[in-house]
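Report on the structure
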Amino acid sequence: QVQLVESGGGLVQAGGSLRLSCAASGRTFSTYVMGWFRQAPGKEREFVAGISRTGGSTVYADSVKGRFTISRDTAKNLVYLQMNSLKPADTAVYYCAARLEGRSGIVVATREYGYWGQGTQVTVSS
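We now turn to the structure provided with this report. Keep in mind it's a predicted model, so treat the numbers as computed, not measured.

1. Considering unusual backbone geometry
- With a phi angle near 55°, Asn77 is a residue other than glycine that sits in the positive phi range.
- For Ser85, which is not glycine, the phi dihedral falls at a positive 50°.
- Using a relative accessible area of 41% as the deciding quantity, one classes Ser85 as partly exposed.

This is the structure in structure tokens:
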């Protein structure tokens, strides 16, 4: 079991930056593949970025590649999403998620993640 809490969302102008944080507690953090998802009103929840258990591999959605960076600090049980060059289309609630214990692959499907944070709102003004 792992509990996840996101923070760092807010209002930012187009072209600006934000860094989201996800704090994990419970079972050893390195057990979990981690991901960031987002959901805008009226739209399906979508994969944004994922990171392997060791932090050695990352995967990004095409829509954010080159602008967002996912990272993790195992010692502090934290995963980050650095968001640069933000666009109004990035406006959404952002969720931190973890796969089930022992799963090793970075995957994009919502159903493959067993643990979720409460979400943090990111609003990008034009």
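2. Quick word on the environment of Thr69
- Position of Thr69 among the secondary structure elements: in strand S7 (residues 68-73).
- The sequence separation of Thr69 and Val122 amounts to 53 residues, and the corresponding C-alpha distance is 16 Å.
- In this structure, Thr69 is in contact with Tyr60, Tyr80, Leu81 and Gln82, ignoring residues within four places of it in sequence.

Rules and cut-offs
Residues numbered from 1 in each chain as written. Predicted model: local features only at pLDDT ≥ 70, side-chain atom pairs only at ≥ 80, totals over all residues. Heavy atoms only, no water. Buried < 20%, exposed > 50% of the residue type's maximum accessible area, 1.4 Å probe, protein only. Helix = DSSP H or I, 4+ residues; strand = E, 2+ residues; numbered from the N terminus. Contact = heavy atoms within 4.5 Å.

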